[in-house]
Structure formats: C-alpha cells, structure tokens
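Per-entry structural report
In case you want the letters, here they are:
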Amino acid sequence: MRDLQDIETVGVVGAGTMGAGIAQVAATAGYDVVMRDIEAEFVEQGFDRIEDSLDRLAEKGEVDADERDDVLDRITGTTDLGDFSDSDLVVEAAVENMDIKRDIFSELDDEVPDDVPLATNTSTLSITTIAAATDREERIVGLHFMNPVPVMKGVEVVVGEKTSEAVVDLAHDFAEALGKETWESDDKPGFVTNRILMPWINEGIRAFDEGVATKEDIDKGMKLGTNVPMGPLELADHIGLDICLDASETLHEELGDRYKPAYLLKRKVDAGDLGKKTGKGFYEYD
Ligand code: CAA
C-alpha cells in the first residue's frame, strides 16, 4: 500500500470544472498530474479553466509568473486512461452517472497498478457500488472536493463499505498536502454536505416558485440572515442546475419524499438553463 510520500504522479479523470480544479491544486502542491478527458477539445478547455484560475490568483499576488508556468508544466493532458500507468493515486471527476463511473473504474482497474488507490469525487453516488466494479474495493475512497476547488478549503473523505483504514488515512493526508481541511462521512446518500445542502437549495427554489419572495430577496435573506456567502438560488446557478437535479434525484430515490427535487428545478434543466455555465439559470450571466 502506498503512503503519502510515495505519491509523485496523480491521475485526474475529467477536465471539467471539478477535474481541472483538482488537477490545478495537485500541480500547485508540486505533484505531476495527468489530466484525462474523452476528447482533446475537453482537455484543452480544462487547461483554459486552469489558466483562468491561475490568472485570478496571480492578480491577487498569490502566485507569481514563474510559479504559474511551473504549475501548467506539471500537468500533462491526455484522452487515454492507459497514460495513468505511472500514477500513484487517481482521482476521478467525470460526470455523475453510476454506469459511466463504474465503466471508468473497471478500466482504471486494468490500467493502473494494483496497489494504487483510486478516489472518486462523486457528490452523491455510492462509493461501495463504484468500488464493486473493481477488484481493489479496499483501495476505493471518496474524495469530494468543493467548487471552486482552488478557493474552497474543505474536502469530504467518504468511506465505502470495504475501504481500508490505510486508504482513508491516505485520503486525509493527500487532501491536507493540497492545503485542504477534511472531514469524514460514511457512504450514505449525499454524505454530509449534499444531504444537508440539497434540501436547502430545493426549499429556496420552492419558496421562489410559490411566490414567497423575489429570487433576489430569497438570496439576500439567506445571505444577510444566516451569513452564508451565497443564497440558495445563486448557489444552485454556481453549482449547475443539472448537477443539483442529479444529486436531488439520487437523494429522493434513496431517502424518500422529503428529498423530492423542486418542480421548477426540473423545468429549468429541461429548458437547458443550467446556471452560470449556460449563461442563464435563476439569474442571467454575460
Ligand atoms: N480560481 C481562483 N480564484 C477564484 C476562483 C477560481 N476558480 N473563483 C473565485 N475565485 C476568487 C476570486 O478571485 C475572489 O478573490 P478575492 O476575494 O480575494 O478578490 C474570490 O474568490 C471571490 O470571487 P468573486 O469576487 O469573483 O466572487 P464570486 O461570487 O465569483 O464567487 C465564491 C466567490 C468563492 C464562489 C464565494 O461566493 C463562495 O464561497 N460561494 C459558496 C461556494 C460554495 O458553497 N461551494 C460549494 C458548493 S457545493 C459543492 O461544490 C459540492 C457538491 O457536490 C455540489
């Protein structure tokens, strides 16, 4: 089993918002990173996201020009999971779909040496079910980063039915090596964060849909009234309404009616208004 000091190269599956963010913080911490997505175009978009984020940090003087280039140099893009054969740890951040995740883990199990731990950034899906697609169930763990990864300090470590204690310890150590703080959750739907966050978001959407207040006043009320950085509607736009709906549907399926997604959330996703990423959700963005 690998310890933190054995980790030099980190494989990241997915170059979307979360995958690119994870690749960025791992490279910033000094790791060599292989970032994979299914199309070269998606990999390029991942690099663009990382460059934008590094530029924002550079503007604040948190990274200098040399450091920025070093971080980018440490990241190699690929479309081939076969390029993960030298990875000492893999973090998967592909779409939130159980069949796709199980296919990826089954392929990783073939491509990556047996003693390498494989982590998933899933926000609601079962670690145990994902792990069952491999022959290394004790080395599968949840490493749930928060969006935006370069800014958010917290990482949720999720323990599957068969995850070994050594792998749980390594997950905490690795997240801390990236400058994050961790907490631990059992493999129960939504873990700690989304189990509590999604009903809050859905209630905000229902309050808006049922005419309790304007969307601006719902967000303002929750921001000023409870001292959170974003109200439920702007946070839903920030996360992505499709992601909120997927998470809410998983919670609803597993935990029953108290987790039923708000009607308006479904209607907006059906209309293709997914939040910031499509330029329109509850609010409009340039
Ligand atoms: N990279 C680097 N820096 C970034 C960044 C990025 N991707 N995104 C934002 N920042 C920095 C900005 O440069 C800015 O820095 P200063 O304040 O030092 O100038 C700071 O963060 C604030 O940014 P903005 O002024 O642009 O404000 P914003 O409205 O765009 O967003 C925020 C700021 C950090 C997102 C803040 O509003 C926030 O913390 N919101 C709550 C986010 C949250 O709850 N995330 C968790 C969602 S749940 C989740 O992720 C899990 C899941 O499974 C769904």
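Residues numbered from 1 in each chain as written. Predicted model: local features only at pLDDT ≥ 70, side-chain atom pairs only at ≥ 80, totals over all residues.

**Thoughts on the overall build of the protein**
The criterion, for reference: Only DSSP runs of H or I with at least four residues qualify as helices, and only runs of E with at least two residues qualify as strands; both kinds are numbered from the N terminus onward. Both definitions apply: the radius of gyration is a C-alpha atom measure, and the globule rule equals 2.2 Å times residues to the power 0.38. Partly exposed residues are those falling between the two cut-offs: more than 12 but fewer than 20 other C-beta atoms within 10 Å of their own, whereas 20 or more means buried and 12 or fewer means exposed, with C-beta atoms placed from the backbone. C-beta atoms are placed from the backbone for every residue, and two residues are taken to be in contact when these atoms lie within 7 Å.
Secondary structure summary: the protein contains 11 helices and eight strands in total. Whereas a compact globule of 286 residues would reach a radius of gyration of roughly 19 Å, the protein reaches 19 Å, a difference of no more than 12%. For the protein, the spread of C-alpha atoms along the three principal axes comes to 55 × 45 × 35 Å. Counting only residues that meet the buried cut, the protein has 45% of its 286 residues in that class. Counting contacts in the protein only where the partners sit at least 6 residues apart, residues at least 24 apart contribute 66% of the total.

**A look at the pairing of strand β4 (residues 89–92)**
Operational definition: By this definition, two strands are paired if DSSP reports at least two bridges between them.
Here β4 shows a buried face lined by Leu89 and Val91 and a second buried face lined by Val90 and Glu92. In the sheet, strand β1 (residues 9–13) pairs with β4 via four bridges, with the strands oriented parallel. Its bridge partner lying in β4, valine 12 is registered against valine 91. With three bridges joining them, β4 and strand β5 (residues 118–120) adopt parallel strand pairing. Counted as the bridge partner of glutamate 92 is threonine 120 from β5.

**As for the UniProt feature "domain: 3-hydroxyacyl-CoA dehydrogenase C-terminal" (unreviewed entry) in the protein**
This is how it is decided: UniProt positions are given in the numbering used here, feature names are shortened, and annotations may be inferred rather than shown by experiment.
Here, UniProt's "domain: 3-hydroxyacyl-CoA dehydrogenase C-terminal" (unreviewed entry) annotation points to residues 190–285. Across residues 190–285, the secondary structure splits into 62% helix and 0% strand, with the terminal C-alpha atoms separated by 28 Å.

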